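Here's the letter readout for the chains.
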Amino acid sequence: MLNNQILPKYRVMQHQFGIHMKGGVITERNADFSTVRIRAPAGVLSAEQLRGVAAIAKRYGSGVVHCTTRQTIEIPHVDPKRLKNLGKALEKNGTPVGSEQDEVVNIISCPGNERCKFANIDTVTLAKKIDAKLFGKVMPVKMRIAISGCPNACTSPMLNEIGIIGRIRPVRTEGLCTGCGMCVYYCKEKAIRVRNGISELDDEKCVQCGVCVRSCSFNLLKELHTHYLVTVGGRRGRHPKIGRELLTVDNEEQILFVIDKIIDWVYRRAWSGRLLSEQLDELHFEKFREDIMKQVPEAGLAKSHTLTLTSI
Ligand code: SF4
Ligand code: SF4
Ligand code: SF4
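Worth saying up front: this structure is predicted, and the values here are computed from it rather than measured.

Peer 1: Explain the overall build of the protein to me, please; I cannot follow it from the model alone.
Peer 2: When helices and strands are tallied, the protein shows 8 helices and 11 strands. By the burial criterion, 38% of the 312 residues in the protein qualify as buried. Within the protein, counting contacts between residues at least 6 apart in sequence, those at least 24 apart form 67% of the total.

Now the structure itself:
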């Protein structure tokens, strides 16, 4: 719950001081200077935008930029008196001032199926869609959202308030297994073995990365179910926590709906001044899961989406 005393005051200050109160404007150790962080969903910028940021950093900062862990760029050493003009220049460049306070901050994602051979989902498009709907929304707690195209989890989604991971549930189809062992070789989890010349799977060990599906030249392993796993309440930093698995959904429309619902739930119920990870039980996480699963009947429980490969 946002403290009613604080929120209007904060908004009034934002109105009065404009860019000086934006989350993406950070007072430096030497308070005579500000660092300005930009908004860059999925960390993707065009070459023209990069040139623009470089020129702005030269004109308003010290001529250097800093690439952050949240896939944004910071322009350090800005004179606070020039923030207004810098904000306009960034806006014109298509890289507006970002956020860093108790808000929905820069959405990060790995390259996903646009470039990565391991990816199971289109992460960049999803990040941009979430950004368009939710970026900068003032929240009782900081909301970091990270998306990974597969369980390799290169963006550490489970260490964010909301994490999204693309997974594939493989299935063994009818056909003659040659026992070549290619799928065994490619499965890093040792979840497949060849016994008596045929493949067998240990579904307890499978993390649903989908690599085996692409490894079988005989197409015996097929993609049964591509889905998005959603985790809530993770965090890194001083006291890192792995997020709790909320559910799995099947498509982009459903995932956007679920993310909206999580944001709304946190906005309405969470307490400011505390980490989301510490409030999940008080916020009745399990009840929230039940409610949301009623609203998305196709949703599954993360743990229930283990696969059963049949052997032949
Ligand atoms: S998380 Fe998976 S899909 Fe994304 S970059 Fe890493 S390996 Fe590729
Ligand atoms: S999907 Fe499961 S069985 Fe297939 S390679 Fe990944 S972990 Fe192994
Ligand atoms: S499932 Fe395919 S890759 Fe695996 S052992 Fe059988 S034929 Fe080879």
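On we go from here.
Peer 1: Which parts of the structure should I look at to understand the site of ligand 2?
Peer 2: Around ligand 2 sit 14 residues, and of these Cys187, Ala191, Cys206, Cys209 and Cys212 come closest. Split by residue class, the shell around ligand 2 holds 11 nonpolar, 2 polar and 1 charged.

Peer 1: Explanation requested: the site of ligand 1 in the structure shown.
Peer 2: Ligand 1 sits among Cys110, Pro111, Gly112, Cys116, Phe118, Ala119, Ser148, Gly149, Cys150, Asn152, Ala153 and Cys154. Across the shell around ligand 1, the residue classes tally to 8 nonpolar, 4 polar and no charged.

Peer 1: How do you make sense of the packing of helix α4 (residues 123-134) against helix α7 (residues 252-269) when you look at a structure like this?
Peer 2: Describing two packed helices takes the angle between their axes plus the distance from one axis to the other. Taken N-terminus to C-terminus, the directions of α4 and α7 make an angle of 40°; their axes are 11 Å apart at the nearest point. One finds that α4 runs oblique with respect to α7. α7 is crossed by α4, and the crossing has right-handed handedness. Facing α4, whose interface residues are Leu126, Lys129, Ile130 and Leu134, α7 presents Glu252, Ile255, Leu256, Ile259 and Ile263. Within the contact of α4 with α7, the residues separate by chemical class into 7 nonpolar, no polar and 2 charged.

Peer 1: I keep staring at unusual backbone geometry and nothing clicks. Help me out?
Peer 2: Note on backbone geometry: most residues besides glycine have negative phi, and most peptide bonds are trans. Residues other than glycine seldom take positive phi values, yet Asn219 does so here, at roughly 55°. Since 9 C-beta atoms lie within 10 Å of it, Asn219 is described here as exposed.

Peer 1: Would you take a moment to explain helix α2 (residues 47-60) for this structure?
Peer 2: Because each turn of an α-helix spans 3.6 residues, side chains separated by three or four positions in sequence point in the same direction. The end-to-end C-alpha distance of α2, which contains 14 residues, comes to 20 Å, matching closely the 20 Å that a straight helix rising 1.5 Å per residue would cover. Those residues of α2 not exposed but buried are Val53, Ile56, Ala57 and Tyr60. Buried residues along α2 cover an arc of 100° about the axis, so they all sit on one side. In α2, those exposed residues whose orientation departs by more than 90 degrees from the buried face are Ala47, Glu48, Arg51 and Ala55. Looking at the buried residues of α2, the elements they touch are β4 (73-78) and α3 (83-92).

Peer 1: Mind showing me how you'd approach the nonpolar core here?
Peer 2: A general trend in soluble globular proteins is that nonpolar side chains are found buried together. Residues Met143, Ile162, Cys212, Val230 and Val266 are the most contacted members of the largest nonpolar core, which totals 51 residues. Of all the secondary-structure elements, those providing two or more residues to this core are α4, β6 (145-148), β7 (162-172), α6 (211-215), β10 (221-232), β11 (244-249) and α7. With 6 residues, α7 is the largest single contributor of residues to this core. Ranked by size, the runner-up nonpolar core spans 16 residues in total, among them Val25, Val36, Val53 and Leu83.

Reading the values: the criteria
- Residues numbered from 1 in each chain as written.
- Chains lettered and ligands numbered in written order.
- Predicted model: local features only at pLDDT ≥ 70, side-chain atom pairs only at ≥ 80, totals over all residues.
- Helix = DSSP H or I, 4+ residues; strand = E, 2+ residues; numbered from the N terminus.
- Buried ≥ 20, exposed ≤ 12 C-beta atoms within 10 Å, placed from the backbone.
- Contact = placed C-beta atoms within 7 Å.
- Near = placed C-beta within 6 Å.
- Nonpolar A, V, L, I, M, F, W, Y, C, P; charged D, E, K, R; others polar.
- Axes fitted to C-alpha atoms, helices over the stretch in contact; angles between N-to-C directions.
- Parallel < 35°, antiparallel > 145°, perpendicular 65-115°, else oblique.
- Left-handed = near helix turned anticlockwise from the far one by under 90°.
- Expected span 1.5 Å × (residues − 1).
- Arc of directions from axis to C-beta.
- Core = buried A, V, L, I, M, F, W, Y, C linked by C-beta atoms within 7 Å.

Everything listed is a geometric property; what it means functionally is a separate question.
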